[in-house]
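Below, each chain spelled out in residue letters.
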2 protein chains.
Amino acid sequence: MLDYKLLEALATVVECGGFERAGATLGLTQSAISQRIRTLEIRLGQPALVRSPAIKATPAGQRLLNHVQQVKLLERDLSQSIPSLSESATRLRIALNADSLATWWADAIGDFCNQEGLLLDMVVEDQDIGLRKMREGDVAACLCSSAQPIAGARCVRLGEMTYLPLASPDYVERYLPEGLVESALRTAPVIVFGPDDQLQHRFLAGCGYHGSFPHHLCPSSEGFIKLALAGMGYGMVPELQAQDELKSGKLINIAPGKELRVELYWHFWRHGGDTMNRLTRTLTDTDSLA
Amino acid sequence: MLDYKLLEALATVVECGGFERAGATLGLTQSAISQRIRTLEIRLGQPALVRSPAIKATPAGQRLLNHVQQVKLLERDLSQSIPSLSESATRLRIALNADSLATWWADAIGDFCNQEGLLLDMVVEDQDIGLRKMREGDVAACLCSSAQPIAGARCVRLGEMTYLPLASPDYVERYLPEGLVESALRTAPVIVFGPDDQLQHRFLAGCGYHGSFPHHLCPSSEGFIKLALAGMGYGMVPELQAQDELKSGKLINIAPGKELRVELYWHFWRHGGDTMNRLTRTLTDTDSLA
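Rules behind the numbers
Residues numbered from 1 in each chain as written. Chains lettered and ligands numbered in written order. Predicted model: local features only at pLDDT ≥ 70, side-chain atom pairs only at ≥ 80, totals over all residues. Heavy atoms only, no water. Helix = DSSP H or I, 4+ residues; strand = E, 2+ residues; numbered from the N terminus. Buried < 20%, exposed > 50% of the residue type's maximum accessible area, 1.4 Å probe, protein only. Contact = heavy atoms within 4.5 Å. Areas by Shrake-Rupley, 256 points an atom, 1.4 Å probe, with all protein chains shown as cover. Lys, Arg positive; Asp, Glu negative; His and termini not counted. Charge placed at Lys NZ, Arg CZ, Asp CG, Glu CD. Phe/Tyr/Trp six-rings, centres within 6.5 Å; stacked < 30°, edge-to-face > 60°. Salt bridge = Lys/Arg side-chain N within 4 Å of Asp/Glu carboxyl O. Least-squares fit on C-alpha atoms with pLDDT ≥ 70 in both. 1 Å grid on protein atoms, 1.4 Å probe; cavity = no way out; pocket = protein on both sides within 12 Å on 5 of 7 lines; lining within 4 Å. Points joined across faces, edges and corners; volume = space filled by probe spheres on them. Nonpolar A, V, L, I, M, F, W, Y, C, P; charged D, E, K, R; others polar. Core = buried A, V, L, I, M, F, W, Y, C linked by side-chain atoms within 4.5 Å. Buried area = accessible area lost by both parts, 1.4 Å probe. Polar contact = N/O pair within 3.5 Å; in protein donor to acceptor, adjacent residues only side chain to side chain. Axes fitted to C-alpha atoms, helices over the stretch in contact; angles between N-to-C directions. Left-handed = near helix turned anticlockwise from the far one by under 90°. Pairing = 2+ DSSP bridges. pLDDT = per-residue confidence, 0-100. UniProt positions renumbered as here; feature names shortened; annotations may be inferred.

(A) Molecular detail of the overall build of chain A. Each helix and strand in chain A was counted, giving 13 helices and eleven strands. For the C-alpha atoms alone, the extent of chain A along its principal axes is close to 70 × 40 × 30 Å. Looking at chain A residue by residue over its 290 residues, the buried ones come to 54%. Residue pairs in contact within chain A that sit at least 24 positions apart in sequence constitute 73% of those at least 6 positions apart. Accessible area of chain A: about 13,200 Å², with a carbon and sulfur share of 49%. Side-chain charges of chain A comprise 28 positive and 34 negative groups, with the mean position of each set lying 7 Å from the other.

(B) The arrangement of the packing of aromatic side chains in detail. All names here are of chain A. Under the counting rule described, the total for this entry stands at ten aromatic pairs over all chains. When the ring of Trp-104 is compared with that of Trp-105, the centres are 6.1 Å apart and the planes differ by 75°; the resulting orientation is edge-to-face. Each member of the pair, Trp-104 as well as Trp-105, is classed as buried. When the centroid spacing of 6.0 Å and the interplanar angle of 35° are considered together, the rings of Trp-105 and Trp-266 count as tilted. Here Trp-266 lies in strand β11 (residues 260-269) and Trp-105 lies in helix α6 (residues 105-116), a separation of 161 residues in the sequence. Each member of the pair, Trp-105 as well as Trp-266, carries the same accessibility label: buried. These aromatic residues form a ring-pair network of at least three members: Tyr-171, Tyr-175, Phe-203 and Tyr-234.

(C) Molecular detail of the pattern of salt bridges. Counted according to the given criterion, the structure contains 18 salt bridges over all chains. A salt bridge links Lys133(B) to Glu125(B); the nearest nitrogen and oxygen atoms lie 3.8 Å apart. With its nearest N and O atoms 3.7 Å apart, the salt bridge here joins Glu259(B) to Arg261(B). Residue classification places Glu259(B) among the partly exposed positions, given a relative accessible area of 27%. When salt bridges that share partners are traced, they join Arg157(A), Glu160(A), Glu259(A), Arg261(A) and Glu263(A) into one network.

(D) Quick peek at the relation of the copies chain B and chain A. Once chain B has been moved 0.0 Å along the axis and rotated by 180°, it coincides with chain A to within an RMSD of 0.1 Å. Here the two chains are linked by the operation of a two-fold rotation axis. Looking at the rotation axis and the C-alpha trace of chain B, the residue lying nearest is Glu222(B), at 3.0 Å. An overlap of 98% is found between the interface residues of chain B and their copies at the interface of chain A, pointing to a shared contact surface.

(E) Examining the layout of surface pockets more closely. Looking at the second largest pocket, its volume works out to about 1,300 Å³. Contributing to the lining of the second largest pocket are 37 residues, with Glu222(A), Asp244(A), Glu245(A), Asp244(B) and Glu245(B) lying nearest its centre. Of all the elements in the fold, those that place two or more residues in the lining of the second largest pocket are α6, α11 (221-229) and α12 (243-248) of chain A together with α6 (105-116), α11 (221-229) and α12 (243-248) of chain B. Class assignment of the residues belonging to the lining of the second largest pocket gives a composition of 15 nonpolar, ten polar and twelve charged.

(F) Summary view of the nonpolar core. Among the nonpolar cores identified, the biggest contains 63 residues, and Trp104(A), Trp105(A), Leu120(A) and Trp266(A) are the most heavily contacted of them. Ranked by residues supplied to this core, first place goes to α6(A) with six residues. Ranked by size, the runner-up nonpolar core spans 62 residues in total, among them Ile94(B), Ala188(B), Ala255(B) and Leu279(B).

(G) Local environment of the interface of chain B and chain A. The partner chain A presents 40 residues to the 41 residues of chain B that form the contact. Taken together, the two surfaces of chain B and chain A that pack against each other cover about 3,400 Å², and 59% of this comes from carbon and sulfur. On the chain B side of the interface with chain A, the three residues burying the most area are Asn114(B), Leu217(B) and Glu222(B), jointly 17% of the side's total. For the interface between chain B and chain A, the tally reads zero salt bridges. Across the contact surface, chain B and chain A share 13 residue pairs in polar contact (both at pLDDT 80 or more). Within the residue set of the side of chain B that touches chain A, elements represented by two or more residues are α5 (98-102), α6, β4 (119-124), α8 (169-175), β8 (215-217) and α11 of chain B. Looking at the side of chain B that touches chain A residue by residue, the class counts come to 22 nonpolar, eleven polar and eight charged.

(H) How the structure looks around the side chain of Asn97(B). Residue placement: Asn97(B) occurs in the loop between β3 (91-96) and α5. If we skip the residues at most four places from it in the chain, Asn97(B) touches Glu125(B), Leu143(B), Met161(B) and Leu264(B).

(I) Local environment of the packing of α6(B) against helix α13 (residues 273-285) of chain B. All names here are of chain B. Axis separation between α6 and α13 bottoms out at 10 Å; the angle between their running directions is 145°. Seen along the crossing, α6 lies across α13 with a hand that is right-handed. Note on element contacts: α13 touches α6 through Thr-275, Arg-278, Leu-279, Thr-282 and Leu-283, opposite Trp-105, Ala-108, Ile-109, Phe-112 and Glu-116. Tallied by class, the residues present in the contact of α6 with α13 amount to six nonpolar, two polar and two charged.

(J) Focus on the pairing of β11(A). All names here are of chain A. For β11, the buried fraction is high: eight of the ten residues fall into the buried class. When strand β5 (residues 141-144) meets β11, the two strands line up antiparallel, connected through four bridges. Across the sheet, the residue bridging to Leu-143 is Trp-266, located in β11. Bridge analysis of strand β6 (residues 153-167) against β11 gives ten bridges, and the strand direction is antiparallel. Bridge pairing in β11 places Arg-157 opposite Tyr-265.

(K) Quick look at the pairing of strand β9 (residues 235-238) of chain B. Residues and elements named next belong to chain B. With burial as the criterion, each face of β9 is covered, one bearing Gly-235 and Val-237 and the other bearing Met-236 and Pro-238. The pairing of strand β6 (residues 153-167) with β9 spans four bridges and is classified as antiparallel. Paired with Pro-165 across the strands is Met-236, a residue of β9.

(L) Region of interest: unusual backbone geometry. The omega torsion across Ser52(A) and Pro53(A) is 5°, close enough to zero to call that bond cis. Secondary-structure assignment places Pro53(A) in the loop between β1 (49-50) and β2 (56-57).

(M) How the structure looks around the confidence of the model for chain A. Residue and element names in this part refer to chain A. Per-residue pLDDT for chain A has a mean of 87; in total, 93% of the residues score no lower than 70. At the low end of the mean pLDDT range in chain A sits helix α4 (residues 59-81), at 73; at the high end sits strand β10 (residues 252-253), at 97. In this model, residues 84-88 is a region of pLDDT below 50 whose contacts with residues beyond four sequence positions or in other chains number three contacts.

(N) Region of the structure containing the UniProt feature "domain: HTH lysR-type" (unreviewed entry) in chain A. Taken from the UniProt record, the annotation "domain: HTH lysR-type" (unreviewed entry) applies to residues 2-58 of chain A. Secondary structure within residues 2-58 of chain A divides into 63% helix and 7% strand; the distance between the first and last C-alpha atoms comes to 18 Å.

Set out below in structure tokens:
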């Protein structure tokens, strides 16, 4: 069998982003960690890690990480049938989109995690990076809007999120007094989540506007709403996240009927074991994502 | 003078993380961007970019980026005295901590940005990375808890955030029926923002507990509260962010008197120009961060 002490050192170095932190996590010295990685690389006959500029697994290292992730999931299943086996709870590493984490996610999986004593290590990533991390074995599952399964994994549709174009009444009065006319859209500031966020472009295209527009970049779901409340821009906000603000009138829908829907898919390793299957069932059964 | 078309190409490639996206942003083909970078590197006599594994400025490239960032700020001041000069609004790139963005930030700077027509490009980073990005010229300012000024920059104290140890009543009943006793702290799940988040460790040390504890990792301010509401763990939440949940009793303070305070400092380039000085004054005058 493989030497899992070495593989665990590799996985921990990549997860923690450094030898010193990995040592702290595993209760080892930094030099013990280095020694394990060196031993692993000698057996492997090639490097498992790129050290610079940032620590990252090589393609061979990634295959090992992927394997470790799957073994950990299987160990988890085993420890449920033989509880005395488990020294400590496993943490399941999952990539997901910021808006799900900010809205329905905890409601959907909270009871499950509590019942199973499952700990989560959540990584907020856009879809391309989330799926890449999954291919690299860095995460066990990925929640995103891509329906394209990756090799060795399954993909199920969970539902969709509705995004509304919201702004404060002040903002509307100031920038859109005549509604969404072209001259206003060219100068009214927009809030965009990040360079990969195409929702505002899709919204504007749906309004027949294809020109440029000034925008803030705000990579935080809660920050996004706060910017809208402060009248700094309008933006596409998940309906689930703005219930209170819509009810109180602090944010208003600037284009009723022009909402956008984004489908959400759950990608998980085919051989992820029973815990993963039960978590998947919990997610497909949820009504938190209405 | 330097050829700013080349420098702008460099800055855009680093900001967008790729040649193709930089081209889309500047309205150029990918090959035109590559040509500009090549020309710049020939003049520079050394590489300005590392291409692999991810695009990143070399130390020489970083000095150029730093320069571009400062020139942009100065151009902004100029365009305010000669409005016809400005083709498009500048976007000021700022690194800040997630909790500020999720709470008081927009309130503090919203009016200022609206009055000045200032657009922001916000980057959520922990303190070490935020300050590194500033040294590298990738951001013009950084909001974090480090009081140590970096060379060429100023640092002013803005105030402090108070963090409370919060959990749902369900959670307390389930995991902490006898309060914060050692046997409970060893098994009660904690919510931790990320590997760099030491708040829960500090809190537990303040309670006299120094052992290990099971924890979820949740790098999202809003997700953090949602996990706490779902009874998945307790965690240190900014008081500013949990007003409603505390009032309604959905979250409770599990250790009154054990709150933690985190100081916040604003780092900005000394020669950042008038806009930066006015933004700094707005921040030092704010009462949003009480």
